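Breakdown of the fold
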Amino acid sequence: MLKPIHRVVCSPALAACQRMMRQLSLWLCQPATLAASVTQHNLQLPVLVSAIEANWLWAFLQRIDAGQSLLVHAQTLAGMPIVEKVALSTWVQAVSALTAQFQPAAAPWPVSAPAVSPPAWKAFKALMEAFYEKAFKSTGGLPYLADGTPTDTSGVTYADYVKAFRDAHRLNPDPNGREVCVLCGGPLGDTPHVDHWIIKSAFPLISVCADNLQLICSTCNEAPNKGDKPVHSAGNYTDWFHPYLRPGNGTLRLDYLLPELAVRCSATTPADQVKVENLDALLNLSSRWTKEFKAEYLKQQSVLLARERRRILRNQPRHSLAEILTHVQQWQDDLLPSEPHHEVHRVLAAALQELARMSAWHAELQSL
Ligand SMILES: [Zn+2]
C-alpha cells in the first residue's frame with residue numbers, strides 16, 4: 001500500500017473464474033439440485049455460460065483431492081438439507097459482494113463459516129480451494145484467456161499471474177532492476193508470495209478472486225506480520241484499506257523520531273489515521289521501517305568513519321561540519337524512487353541533516 005497497486009492484464013481471467021465458482025456454488029445450493037444432478041450435461045447452460053467452461057468444470061471435478069474426487073465434494077454439497085443450502089447460498093452471496101463492503105452502509109460481512117455440517121464445509125472448502133491449488137497453479141491453468149474469454153487451451157496460470165503482477169509493478173522497467181514490495185516498499189525478494197488479502201482458509205470462495213490477490217514480499221506475508229490476521233474489525237471494513245477497493249497508497253506518512261532513531265507511520269489526513277494504524281499493526285510497518293532506518297544510519301555513519309580514518313592515515317584535512325552535510329545531501333540527491341526502502345531512506349536523509357545529529361557525527365569523527 002506504500003506503492004500503488006494495479007489490477008493486471010490477466011485479472012479478467014481470475015474474475016471470470018470467480019464468477020464460475022460462484023455460479024457452481026449457488027447451483028449446488030438450489031433445492032432442485034441433487035447429488036445425482038451433478039453431471040456433465042447439467043453443468044451446461046444455464047449453470048455455466050459456455051460449453052468450454054462446463055466441459056472444463058466436468059473434467060476438473062474428476063480430479064482427486066485427499067483420496068476423493070472433487071465430484072464427490074460437489075455431490076456432498078448438492079445433497080445437503082435445504083436449510084444448509086440456504087445458509088451456504090446466503091454466505092456465498094454475501095462473500096461475493098465484497099465490493100459492497102467498501103461502500104457506505106455495507107451489510108455485515110460474514111465473519112464465521114456458514115451453518116452447514118462440518119463434512120459439508122470441508123467439502124466446500126476443498127472444492128473451492130482446488131480451483132486455486134489444482135487449476136490455477138497447474139500447467140493447464142484456468143479455462144480463460146487473460147481477457148476472460150473461455151478457452152480450452154493455454155488458460156491463465158499462477159505463473160502467468162505472478163509475471164503479469166511483477167511486470168505491472170516494476171518501478172524500474174529494466175528487468176535487471178530491483179523490484180519493490182507494493183505493501184512495505186522493501187525488496188520484493190527472490191521468493192515473493194501471492195497473498196490472499198482475505199485469507200482463503202476461511203473464505204475459500206475468493207481463493208481465485210482478482211481483487212483478493214496480490215504479489216508481496218515474504219516478510220510482509222508471513223507471521224508475525226500479515227500471516228492469518230483479519231483485514232477487518234469483526235466484519236467491518238470501515239477502518240481498513242484494501243489493495244484494490246480502498247487503496248492506501250498516498251495516505252501513509254513516514255516521520256522520524258531522532259532521539260529514538262525510529263520511524264513513525266501516520267496518515268496524511270486525520271480521516272485515514274485509524275486505517276493507517278490498522279495497516280501498521282497488520283504489517284508491523286513502523287518497527288520494520290525503524291529497523292531499516294537504523295541499519296542505513298549505521299551504514300552512513302560507518303562510511304564517514306572509514307573516510308575519516310583514511311584521511312588521518314593520509315595526513316589529509318579532517319572532515320568539517322559542512323563536508324558531512326554535503327555528504328548527506330549528495331546521498332539524498334542520489335536516492336532513486338525505484339529502489340527498495342526509498343521512503344525510509346528519504347526520512348533518514350532529512351533526520352541526518354538536523355544540526356544536533358550533524359554535530360554529534362562531527363564530534364565523533366574528531367575524536368578518532
Ligand atoms: Zn513487503
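Conventions and cut-offs
Residues numbered from 1 in each chain as written. Predicted model: local features only at pLDDT ≥ 70, side-chain atom pairs only at ≥ 80, totals over all residues. Helix = DSSP H or I, 4+ residues; strand = E, 2+ residues; numbered from the N terminus. Rg over C-alpha atoms; globule rule 2.2 N^0.38 Å. Buried ≥ 20, exposed ≤ 12 C-beta atoms within 10 Å, placed from the backbone. Contact = placed C-beta atoms within 7 Å. Domains from an automatic or database assignment. Axes fitted to C-alpha atoms, helices over the stretch in contact; angles between N-to-C directions. Parallel < 35°, antiparallel > 145°, perpendicular 65-115°, else oblique. Left-handed = near helix turned anticlockwise from the far one by under 90°. Nonpolar A, V, L, I, M, F, W, Y, C, P; charged D, E, K, R; others polar. Core = buried A, V, L, I, M, F, W, Y, C linked by C-beta atoms within 7 Å.

Thoughts on the overall build of the chain
Across its full length, the chain holds 12 helices and 6 strands. The C-alpha atoms of the chain give 26 Å as radius of gyration, which overshoots the globular expectation for 368 residues (21 Å, by more than 25%). If you line up the chain on its principal axes, its C-alpha atoms span 90 × 40 × 35 Å. When the 368 residues of the chain are sorted by exposure, 37% land in the buried category.

Overview of the environment of Leu127
When you line up the elements, Leu127 lands in helix 5 (residues 118-136). Residues Leu127 and Leu77, 50 residues apart in the sequence, show an inter-C-alpha distance of 9.8 Å. The contacts of Leu127, once residues within four sequence positions are left out, are Leu70, His73 and Ala74.

Let's talk about the domain arrangement of the chain
Once the domains are mapped, the chain shows domain 1 (11-106 + 113-154) and domain 2 (252-368). In this structure, domain 1 and domain 2 have C-alpha centres spaced 51 Å apart.

Things to note about the packing of helix 1 (residues 11-28) against helix 4 (residues 82-96)
Here helix 1 crosses helix 4 at 160 degrees, and the two axes come no closer than 9 Å. Taken as axis vectors, helix 1 and helix 4 run roughly antiparallel relative to one another. The two elements helix 1 and helix 4 meet at a crossing, and its hand is left-handed. Facing Arg22, Ser25 and Leu26 of helix 1, the residues of helix 4 in contact are Ser89, Val92 and Ser96. Tallied by class, residues from the contact of helix 1 with helix 4 come to 2 nonpolar, 3 polar and 1 charged.

Observations regarding the nonpolar core
Grouped together as the largest cluster of nonpolar side chains are 90 residues, with contacts concentrated most on Cys17, Leu57, Phe131, Cys181 and Leu183. No other element matches the 10 residues that helix 5 contributes to this core. Each of domain 1 (11-106 + 113-154) and domain 2 (252-368) contributes no fewer than three residues to this core. Residues contacting Phe131, with those up to four places away along its chain left out, are Cys17, Met21, Phe136, Ser207 and Val208.

Considerations on the environment of Arg357
Residue position: Arg357 is located in helix 12 (residues 355-366). Overall, Arg357 belongs to the partly exposed group, with 17 C-beta atoms counted inside 10 Å. Once the C-alpha coordinates of Arg357 and Leu127 are considered, the two residues, 230 residues apart in sequence, prove to be 59 Å apart. Setting aside its immediate chain neighbours within four residues, Arg357 contacts Leu258, Ala351 and Leu352.

Here we look at unusual backbone geometry
In this structure, Pro224 follows Ala223 across a cis peptide bond, with omega equal to 5 degrees. Residue placement: Pro224 occurs in the loop between helix 7 (218-221) and strand 5 (252-257). Positive phi is not limited to glycine here, since Ala105 has a value of about 55 degrees. Structurally, the position occupied by Ala105 is in the loop between helix 4 and helix 5. Take Ala105: there are 5 C-beta atoms within 10 Å of it, and that puts it in the exposed class. Phi at Ala234 is positive, roughly 45 degrees, even though this residue is not glycine. Its place among the elements puts Ala234 in the loop between helix 7 and strand 5. Owing to 8 C-beta atoms within 10 Å, Ala234 belongs among the exposed residues under this scheme.

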